[in-house]
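# Summary of structural features
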Amino acid sequence: MMDSIEQFNHSQVSEFILLGLISSQDTQFLLVALFSVTYVITVLGNLLIVVTVFYTPNLNTPMYFLLGNLSFVDMTLASFVTPEMIINLVKKHKTISFAGCFTQIFLLHFLGGIEMVLLVSMAYDRYVAICKPLHYMAIMNKRVCILLVVTSWFSGLLHSGLQIPFFVNLTFCGPNVVNSIFCDLSMVTKLACVDTYIVQIVIVANSGMISLSCFLILLISYSLILITIWSHSSAGHSKARSTLTAHITVVILFFGPCIFIYIWPFSNHSVDKFLAVFYTIVTPILNPIIYTL
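Since the model is a prediction, treat every value here as computed from it, not as a measurement. Sequence order as written defines residue numbering, which begins from 1 separately in each chain. The predicted nature of this model means local features are confined to residues of pLDDT at least 70 and side-chain atom pairs, given and counted, to a pLDDT of 80 or more, with totals for whole chains, interfaces and linings taken over all residues. Side-chain metrics in this entry use all non-hydrogen atoms of the structure; hydrogen atoms and water are not considered.

## As for the overall build of the chain
Each helix is a run of DSSP H or I of at least 4 residues and each strand a run of E of at least 2, with the numbering of both proceeding from the N terminus. When its secondary structure is counted, the chain shows ten helices and three strands. Scanning the chain from its N terminus toward the C terminus, one meets helices and strands in the order α-β-α-α-β-α-α-α-β-α-α-α-α. Its C-alpha radius of gyration of 21 Å places the chain within 12% of the 19 Å reference for a compact globule of 293 residues. Exposure is judged per residue with a 1.4 Å probe applied to protein chains only, and the accessible area is read against the type maximum: over 50% gives exposed, under 20% gives buried, and values in between give partly exposed. Taking all 293 residues of the chain together, 46% fall into the buried category. Residue contacts are defined here by distance: any two heavy atoms, one from each residue, within 4.5 Å place the two residues in contact. Restricting the contact set of the chain to residue pairs at least 6 apart, pairs at least 24 apart contribute 78%. Reported accessibility uses the Shrake-Rupley method at a 1.4 Å probe radius. Residues are deemed covered only where the shown protein chains occlude them. Surface exposure of the chain reaches about 14500 Å², of which carbon and sulfur atoms provide 71%. Counting 11 positive and 11 negative side-chain charges, the chain places the averaged centre of each group 18 Å from the other. Radius of gyration here is computed from C-alpha atoms only, and the compact-globule reference equals 2.2 Å multiplied by the residue count raised to the power 0.38. Counted charges follow a simple rule, with Lys and Arg positive, Asp and Glu negative, and His plus the chain ends left uncounted. One atom stands in for each charge, and that atom is NZ of Lys, CZ of Arg, CG of Asp or CD of Glu.

## Quick notes on the nonpolar core
Take the buried residues of types Ala, Val, Leu, Ile, Met, Phe, Trp, Tyr and Cys, join any two whose side-chain atoms come within 4.5 Å, and each joined set is a nonpolar core. By size, the foremost hydrophobic cluster in this structure holds 79 residues, and its most contacted members are Phe-16, Phe-172, Val-188, Tyr-222, Phe-255, Tyr-279 and Tyr-291. Among the elements that make up this core, the one with the highest residue count is helix H4 (residues 98-131) (13 residues). Setting aside chain neighbours within four positions, we find Tyr-222 in contact with Ala-123, Leu-244, His-247, Ile-248, Val-251 and Tyr-291.

## Remarks on the state of the cysteines
Our working definition of a disulfide is a cysteine sulfur pair at a distance within 2.5 Å. Taken as a whole, this structure holds two disulfides when the rule is applied. The disulfide bridge from Cys-173 ends at Cys-193, spanning 2.2 Å between sulfur atoms. With Cys-173 in the loop between helix H6 (142-168) and strand E3 (177-178) and Cys-193 in the loop between helix H7 (185-188) and helix H8 (197-230), the pair connects residues that are 20 residues apart, well separated along the chain. Owing to a relative accessible area of 37%, Cys-193 belongs among the partly exposed residues under this scheme. Taken in N- to C-terminal order, the disulfide-linked cysteines of the chain are connected 1-3, 2-4. Free of any disulfide, Cys-131 has its nearest neighbouring cysteine sulfur in Cys-145, separated by 17 Å. Residue classification places Cys-131 among the partly exposed positions, given a relative accessible area of 25%. Between Cys-214, a cysteine without a disulfide, and Cys-258, which holds the nearest cysteine sulfur, the sulfur-to-sulfur distance is 10 Å. For Cys-214, a relative accessible area of 8% gives the class buried.

## Structural notes on the pattern of salt bridges
In what follows, salt bridge is the name for a side-chain nitrogen of Lys or Arg lying within 4 Å of a carboxyl oxygen of Asp or Glu. Scanning all chains against the criterion turns up one salt bridge. In this structure, Asp-125 engages Arg-126 in a salt bridge whose closest nitrogen and oxygen atoms are separated by 2.9 Å.

Have a look at this one:
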């Protein structure tokens, strides 16, 4: 009995090594400066939106209510990913504890799931506003807005909660080097010293399908909106077209990497870690710019 316990303890990996984006020291210092500026702008921009939306009576509308929640999620997502990435760039030993890795995986999928559903909710809001303007206030009432936000948070919790048990029950006894900027389930599970086929299926079925389904819903919604706008030519609709084009660009930048990482069967870790920058760093700074146009 004691021998089996000692063998179990010996087999457990207590920390992981994150390789980060690049190994060049000169480029790393440049990235530290770039990511630091990006992080400050992201937090200040999203915080300004949250404060403005919730303390300005004139902005008490469904669109800004959803935008305020999106900005809060973006600010939180950036705050747990970017600082850790900056620290790892300047650290000589780029390690993260098992508990820290577990926390990153949980928060990444929790906040990512919330953001996906919020983006769908905001697209639905724009669809109703443009395609059914006379019924907008009746459809997008306060109860519906709160329900959409609660649904997004519950979906994020469910999305993350379904995957975490699989990670906790894995055994890591060999390699502990993660070729990424942070711990992510798809990369960490490949280091386990047990068969992870079922876990990989769960990841594709959960993370992959929620990304793909939300992306398709968004494309359909924005297509219907653009068709409605194109059928009514005016200066106001011209501005709406350019705004929606910007929205679609952000959606592609967020969902494209997610779909590629979690569904594409021939993923490359070197490519995946650069794609991860888009939905963890680029999108949170673009959202407050694009969605306030």
